[in-house]
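# Residue-level structure breakdown
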Amino acid sequence: MNPPISLKQFQQEHGEWMTNHMAETVSGLSMPGVLKEAMVYSLQAGGKRIRPILLLAVIKAFDHNTMLGLNTAAALEMIHTYSLIHDDLPSMDDDDLRRGKPTNHKIYGEAVAILAGDGLLTYSFQLIAEDDGLPSDIKVKLIALLAKCAGPEGMVGGQVADIEGENKQLTVQELENVHVHKTGKLLTFSVLAGGIISGASQKELELLERFSHHIGLAFQIQDDILDIEGLEEMIGKPVGSDESKHKSTYPSLLTMKGAKDKLQYHLDEALTALDKLPVNTSLLAEIAQLIVTRNH
């Protein structure tokens with residue numbers, strides 16, 4: 001087995017690889033200069049990199065070389081970044097700040113921002129398809145799963161449900177359905193992709209999916225809590241933005257105490273799923289803890 005490694009060390013090492021790899025890969029493409037600049041701008045805007053770190057941590061748990069997942073993790077982060085660029089547009093959330101920096105359209109204009117997002121989305125699939133380190137059957141599984149988790153049955157469908165839920169009082173079940181798709185599906189891909197690359201069994205994949213389901217909901221509940229209790233300089237956007245847009249949130253539906261109780265429930269369920277896996281899940285448990293204790 002690999003020697004123990006702390007989450008902080010793992011994040012620093014792999015986060016730096018990820019940022020450099022994405023920037024170098026995109027910079028090597030032949031495209032108009034302003035498009036390249038806009039794509040790299042958002043890729044280098046920082047962020048927690050939780051999704052790619054999760055994917056690589058699963059590979060680490062199964063005692064495989066994490067570099068096997070580098071391109072898939074980069075592709076996943078590109079899709080997440082494209083979704084943020086589009087989220088921030090005036091026709092969507094109309095945000096001026098992302099991760100404490102001006103949003104893409106504030107720097108490059110709406111047209112280039114939209115196309116930068118489109119470029120990141122489509123290139124992500126090319127990146128996986130051209131990965132010489134993975135067998136073709138694994139690449140097909142990854143591409144199909146990523147398309148499902150990011151598309152109309154996943155994140156995009158969740159985005160539409162979120163828009164339709166504005167200025168409405170949703171039930172907790174309806175709110176969970178929004179976030180299972182909007183936020184949770186890409187986190188599910190993170191975890192399952194790591195399992196697929198590692199050759200996990202069907203039973204192991206089912207446990208990984210259960211883990212991902214609960215951390216996905218925990219992630220969103222903590223986001224809702226931070227929207228009320230967080231500091232703008234920490235979360236990188238105005239506090240209270242959800243309330244100002246009349247969105248249903250876990251604190252508004254359950255009270256703050258109820259939301260925090262729900263957060264703890266999903267953490268406990270996620271850790272229970274991990275305990276049943278016959279691999280070293282210490283890093284994954286640390287990531288789950290990070291999700292519920294983060295301040296940005």
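See the structure shown above.
These figures come from a predicted structure and were not determined experimentally.

Rules used in this analysis
Residues numbered from 1 in each chain as written. Predicted model: local features only at pLDDT ≥ 70, side-chain atom pairs only at ≥ 80, totals over all residues. Heavy atoms only, no water. 1 Å grid on protein atoms, 1.4 Å probe; cavity = no way out; pocket = protein on both sides within 12 Å on 5 of 7 lines; lining within 4 Å. Points joined across faces, edges and corners; volume = space filled by probe spheres on them. Helix = DSSP H or I, 4+ residues; strand = E, 2+ residues; numbered from the N terminus. Nonpolar A, V, L, I, M, F, W, Y, C, P; charged D, E, K, R; others polar. Core = buried A, V, L, I, M, F, W, Y, C linked by side-chain atoms within 4.5 Å. Buried < 20%, exposed > 50% of the residue type's maximum accessible area, 1.4 Å probe, protein only. Contact = heavy atoms within 4.5 Å. Salt bridge = Lys/Arg side-chain N within 4 Å of Asp/Glu carboxyl O. Phe/Tyr/Trp six-rings, centres within 6.5 Å; stacked < 30°, edge-to-face > 60°. Lys NZ or Arg CZ within 6 Å of the ring centre and 35° of its normal. Axes fitted to C-alpha atoms, helices over the stretch in contact; angles between N-to-C directions. Parallel < 35°, antiparallel > 145°, perpendicular 65-115°, else oblique. Left-handed = near helix turned anticlockwise from the far one by under 90°.

Turning our attention to empty space enclosed by the protein. Scanning all chains against the criterion turns up three cavities of 30 Å³ or more. In this structure, the second largest cavity occupies an estimated 100 Å³ of space. Along the walls of the second largest cavity sit 13 residues, with Ser-42, Ile-85, Asp-88, Arg-98 and Asn-104 positioned nearest its centre. Breaking the lining of the second largest cavity down by element, the ones donating at least two residues are helix H2 (33–43), helix H4 (70–87) and strand S2 (101–102). At three residues, H4 tops the list of elements feeding residues into the lining of the second largest cavity. A class-by-class count of the residues in the lining of the second largest cavity yields five nonpolar, four polar and four charged.

Moving on to the nonpolar core. By size, the foremost hydrophobic cluster in this structure holds 85 residues, and its most contacted members are Leu-54, Leu-55, Leu-142, Phe-189 and Phe-211. With 11 residues, the top contributor of residues to this core is helix H9 (residues 172–197). If sequence neighbours within four positions are ignored, Phe-189 has contacts with Leu-55, Thr-72, Leu-76, Leu-142, Leu-145, Leu-146 and Cys-149.

The final tally for this structure, using the stated rule, is eight salt bridges. One salt bridge in this structure joins Lys-106 and Asp-96, with 3.4 Å as the shortest N-O distance. Note that Lys-106 is positioned in helix H5 (residues 104–108) and Asp-96 in the loop between H4 and strand S1 (97–98), a separation of 10 residues in sequence. Residue classification places Lys-106 among the partly exposed positions, given a relative accessible area of 48%. Residues Asp-223 and Arg-294 are paired through a salt bridge, measuring 3.1 Å at the closest nitrogen-oxygen approach. One end of the pair, Asp-223, is in helix H10 (residues 202–229); the other, Arg-294, is in the segment after helix H14 (282–293), and 71 residues separate them in sequence.

Enumeration according to the criterion identifies one aromatic pair in this entry. Ring plane angle 70° and centroid distance 5.7 Å describe the contact between Tyr-41 and Tyr-108, whose orientation is recorded as edge-to-face. Pair noted here: Tyr-41 is in helix H2 and Tyr-108 is in helix H5, with a separation of 67 residues, a long-range link. The ring centre of Phe-219 lies 4.0 Å from the NZ or CZ of Arg-294, which sits over that ring.

Interaxial distance between helix H3 (residues 50–61) and H14 falls to 9 Å at its minimum, and their mutual angle equals 155°. Classified by the angle their axes make, H3 and H14 are roughly antiparallel. The hand of the H3/H14 crossing is left-handed. Of H14, the residues touching H3 (which contributes Ile-50, Ile-53, Leu-54, Ala-57, Val-58, Lys-60 and Ala-61) are Leu-283, Leu-284, Ile-287 and Ile-291. Of the residues in the contact of H3 with H14, the class split is 10 nonpolar, no polar and one charged.

On to the layout of surface pockets. Empty space within the second largest pocket amounts to approximately 160 Å³. Taken together, the elements giving at least two residues each to the lining of the second largest pocket come down to helix H7 (136–150) and H9. Looking at side-chain class alone, the lining of the second largest pocket contains three nonpolar, two polar and four charged residues.

Quick look at the environment of Gly-133 now. Within the fold, Gly-133 resides in the loop between helix H6 (110–129) and H7. Each C-alpha atom of the pair Gly-133 and Glu-37 lies 28 Å from the other, and the pair is 96 residues apart in sequence.

Phi is positive for Asp-63, which is not a glycine, with a value near 65°. By secondary structure assignment, the location of Asp-63 is in the loop between H3 and H4. Taking the relative accessible area as the measure of exposure, Asp-63 reaches 31% and is therefore partly exposed. Even without being a glycine, Asn-167 presents a positive backbone phi close to 60°. Following the sequence through the fold, Asn-167 ends up in the loop between helix H8 (155–164) and H9. On the accessibility criterion, Asn-167 (59% relative accessible area) is exposed.

On the secondary structure map, Gly-165 appears in the loop between H8 and H9. A C-alpha to C-alpha distance of 32 Å links Gly-165 and Leu-284, two positions 119 residues apart in sequence.

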